[in-house]
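A look at the structure
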Amino acid sequence: MPQPFIPLEPNRIYHIWTHANGSENLFRTDENYRYLLEKYAQHIHPIAKSYAYCLMPNHLHLMVEIRGEKELRALQGFGTLGEISLKLSKQFSNLFNAYTQAYNKMYDRKGSLFIPKFRRKLIDNDTYFTRLIAYIHNNPIHHQFVNDLNEWSHSSYNAYLLSSPTKIERKLGLEWFGGKNEFIKIHQELKAKDVMMEFEY
C-alpha cells in the first residue's frame with residue numbers, strides 16, 4: 001500500500017532511506033562510500049543537521065533535522081514555504097543523481113541506480129528519536145555484515161565515540177543519550193531483532 005506523501009519542512013526531523021534498483025549495489029569500494037559522503041556534505045549539510053547515517057552495500061539510512069526557515073531563506077533558490085519544501089526534496093534528489101552520474105561513469109554503466117523516490121518518515125516523539133539512531137547504527141549487525149558496531153566504518157556510530165571533526169551533531173546526540181557510556185549501552189540494548197523489525201515499514 002503506497003505511503004502518504006510526507007513533505008520536508010523546516011525544524012522537523014526525518015528518517016530518510018533509499019536503496020538500489022533491483023539486485024544492484026550502491027557501493028563497490030571504500031572510495032564509493034567516501035564519495036557519497038562528500039556529495040552529502042555538499043548537498044545536504046547546508047539544509048539539514050545530521051544525527052545519524054549508515055551506508056550499506058545496497059541501501060542507506062539518514063536521520064536529519066531540516067534547518068530553520070530563516071537559515072533556508074538565506075540560501076539561493078529558497079523562497080516561499082511551499083518552494084522550500086520542494087527545494088528540500090530536490091536537494092536529496094540532487095545528491096542521489098550526482099552520485100549516480102559519477103558511479104555510472106566509473107563503472108561504465110547507464111540508467112538509474114536508486115529506486116525512483118527516496119522514502120521519508122517524520123520523527124515525532126522522543127522514544128522514536130532514540131530508537132531510530134540505534135536502529136540506523138545497528139543496521140550492519142542486523143544484516144550480518146559485522147558482529148560489532150565499531151567494525152563498520154560506513155556509519156556515524158564511531159563519529160560519536162571519537163573526537164575527530166565531524167558534521168554529525170555529536171554534542172547534541174550524546175547529551176540526548178546522557179553521555180558516551182549511555183550511548184553505547186542503549187545501542188547494545190536496542191540491537192535485538194524485534195527492535196529492528198519496528199522499522200521495517
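Look up a bit, the structure's there.
Below is a summary of the structure that appears in this document.

Cut-offs and rules
- Residues numbered from 1 in each chain as written.
- Predicted model: local features only at pLDDT ≥ 70, side-chain atom pairs only at ≥ 80, totals over all residues.
- Heavy atoms only, no water.
- Phe/Tyr/Trp six-rings, centres within 6.5 Å; stacked < 30°, edge-to-face > 60°.
- Helix = DSSP H or I, 4+ residues; strand = E, 2+ residues; numbered from the N terminus.
- Buried < 20%, exposed > 50% of the residue type's maximum accessible area, 1.4 Å probe, protein only.
- Lys NZ or Arg CZ within 6 Å of the ring centre and 35° of its normal.
- Core = buried A, V, L, I, M, F, W, Y, C linked by side-chain atoms within 4.5 Å.
- Contact = heavy atoms within 4.5 Å.
- Arc of directions from axis to C-beta.

The final tally for this structure, using the stated rule, is 16 aromatic pairs. Pairing Phe27 with Tyr99 gives two aromatic rings, centres 5.6 Å apart and planes at 55 degrees, and the pair type is tilted. Of this pair, Phe27 sits in the loop between strand 1 (13-19) and helix 1 (30-43) while Tyr99 sits in helix 3 (residues 81-107), placing them 72 residues apart in sequence. When the ring of Tyr157 is compared with that of Phe183, the centres are 5.6 Å apart and the planes differ by 25 degrees; the resulting orientation is stacked. Taken together, the residues Tyr157 in helix 5 (residues 157-161) and Phe183 in helix 7 (residues 180-189) connect sequence positions 26 residues apart. You'll find Tyr157 and Phe183 in the same group, each marked buried. The side chain of Arg28 reaches across the aromatic face of Tyr107, ending 4.0 Å from its centre.

With 58 residues, the main nonpolar core has Leu60, Met63 and Phe92 as its most contacted residues. The element best represented in this core is helix 4 (residues 126-142), accounting for eight residues. Dropping the residues within four chain positions of it, Phe92 is found in contact with Leu8, Ile16, Ile44, Ile47, Leu62, Val64 and Phe118.

Among all positions of helix 7, only Phe183, Ile186 and His187 are buried. Projected down its long axis, helix 7 carries its buried residues within an arc of 100 degrees, all on one side. Where helix 7 is buried, its residues touch helix 4, helix 5 and helix 6 (170-177).

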